[in-house]
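Topology and contacts: notes
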Amino acid sequence: MIRVSNRMVAAALALLLASSASAFAREKQPKKKKQDLSANPLANVNSKQPDKELFDKAMIAMKKGRYDVARLDLQTMLNTYPDSEYKMRAKLAVGDSWFHEGGTAALTQAEAEYKDFITFFPNAPEAAEAQMKVGDIYYQQMEKPDRDYTNALAAEREYREMINMFPDSTLIPRAKQKLRDVQEVLAERETQIGLYYSTKENYSAAIARLATVVDTYPVYSKSDLALLSIGDAYAGEARVVGASKLPGAIKERLRSFYLDKAAAAYDRVIVRYPMAPRVEDARDRLVAMNRPVPEPTAAAVAESKAEEDSRQPIRFTDRTLGLIKRGPTVVEAVHVGDPSLEDPKRTLAPDVTKENVALYNAAIGKPEGAAQPTRATSANEPPRSDQPSEAPVQTGNAGGTGVGVSIVSAPGSGNAGSGAAADPNALVKPVTPETTALPAAEAPAQAPEQVNDIKPGQAQPAPATAADGKPKKPKADLDQESSSKKKKKKGLGKLNPF
């Protein structure tokens, strides 16, 4: 029988307690968190290859905001391991480093990197991501609607290209929403310009701008306002015609044409946007014009209701931030419906002017395409370049000048001697050549007789001669001559010391 002493039992218990305490301490000590490599689709395996080490090092540097270090590691990997399986992702990560760095120069470099990636890897799933980020570059640099819209146009172009090139990408819903936001800014710009032209009563320019909005951007949040303004512009044209001095029948035909176009614009507001906030204004205008009010279909009501419900109401904070931040406020943009993927079909002011000319020709009963009547030039107007000049009248000088110049009669005055009557309404009567003979030339008057000359037959006086036979010089009056020679003083002048 083995005898166990108390000392041995105490030692065993102490050893047991020490081991359990160390085990408990190890459990309480926080474990070192391993890097989650499953987030990277190309790094599902925890390998220790050098190209992967460089790629992971660059990704860690990008997370810490050290973009220059990340680019250096990525370029080292691309140059050292051109056949690496991480080559495609590293090429895209170089563009991401420039994109996250920000700034005009960095964003320009990021766009170039993304374009190169799409060129080298057009069939890769990441190509859609690269094209999407190109659109985001211009989206971040957009200005407000009343400022430069170059970046907005570029963003619209890039998003359209992304949707058309990669229709099966998972980024399509986001690209469509970004495109709706960009088109909201462009449509707001055109609407503001059109409303400005309306205040200046330049109706042709206003109609051109607003028609471009409603035809190109159908999901614009203020399309009902644009259509309502088009109708008001045509109504303004009708008022201008009503105040003109045209004949009564022509005036009424023109007014009816313009009022029909205004009513068509009001009808389109009710039919296309029945749930818009300005539908009641369109109804009131149609009632005031004694025109029938159309009824929208159930599909149009459902579509308009979905568009109105998808918009976010603009709040006070949005308006306040809109005054401070650089970019536009797009909270009112719709979140349903397909944005326009075609190039904008612009309506120009000359096209509206041509339409007005066609309406005028239809009002006067003139067939379309007929030649314009030529108007005779009155006596007070210069010759018109769109009319042939009258037959030239040759001068009757037999000798002539030898140059072959012909004198053309003034318009409306007729040829000399033809007996054509002058225009009685002319303010300035035409000057016609005189038919009376010229008077005979008069002889020149005789010149007046000169009194200083020696008369004929009178001898010239001989000059005076001295005793020695030399001619005498005339005595000069020294007081009248100017000389530097000192003159002798006479009389009381001798007392003057000066």
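The coordinates are above.
Scope of this entry: the structure provided in the associated data block. This structure is a prediction, so every number in the text was calculated from the model and none was measured.

This part is about the pattern of salt bridges. Across all of its chains, the model carries 28 salt bridges by this definition. Here Asp-338 ties to Lys-176 by a salt bridge, and the two come within 3.6 Å at their closest N and O atoms. With a gap of 162 residues between them, Asp-338 in the loop between α14 (316-324) and α15 (349-363) and Lys-176 in helix α8 (residues 172-199) connect regions that are remote in the sequence. A residue is classified by how much of its surface remains accessible, and Asp-338, at 57% relative accessible area, is exposed. The exposure class of Lys-176 is partly exposed, given its relative accessible area of 23%. One salt-bridge network, in which partners are shared between bridges, spans Arg-89, Asp-96, Glu-126, Glu-129 and Lys-133.

Per the stated rule, a full pass over the model turns up four aromatic pairs. Ring centres of Phe-55 and Tyr-86 lie 5.4 Å apart, and the angle between their planes is 20°; this geometry places the pair in the stacked category. In this pair, Phe-55 is assigned in helix α2 (residues 50-63) and Tyr-86 in the loop between α3 (67-80) and α4 (87-101), connecting sequence segments 31 residues apart. Like Phe-55, the residue Tyr-86 is buried in the burial classification.

Now for the packing of α2 against α4. The contact between α2 and α4 brings their axes to 11 Å, and the two run at 15°. Of the possible angle classes, the one that applies to α2 and α4 is roughly parallel. α2 and α4 meet at a crossing whose hand is left-handed. Mapping the contact onto sequence places Phe-55, Met-59 and Met-62 in α2 and Arg-89, Ala-90, Ala-93, Asp-96, Ser-97 and His-100 in α4. Partitioned by chemical class, the residues of the contact of α2 with α4 number five nonpolar, two polar and two charged.

Rules of the game
Residues numbered from 1 in each chain as written. Predicted model: local features only at pLDDT ≥ 70, side-chain atom pairs only at ≥ 80, totals over all residues. Heavy atoms only, no water. Salt bridge = Lys/Arg side-chain N within 4 Å of Asp/Glu carboxyl O. Helix = DSSP H or I, 4+ residues; strand = E, 2+ residues; numbered from the N terminus. Buried < 20%, exposed > 50% of the residue type's maximum accessible area, 1.4 Å probe, protein only. Phe/Tyr/Trp six-rings, centres within 6.5 Å; stacked < 30°, edge-to-face > 60°. Axes fitted to C-alpha atoms, helices over the stretch in contact; angles between N-to-C directions. Parallel < 35°, antiparallel > 145°, perpendicular 65-115°, else oblique. Left-handed = near helix turned anticlockwise from the far one by under 90°. Contact = heavy atoms within 4.5 Å. Nonpolar A, V, L, I, M, F, W, Y, C, P; charged D, E, K, R; others polar.

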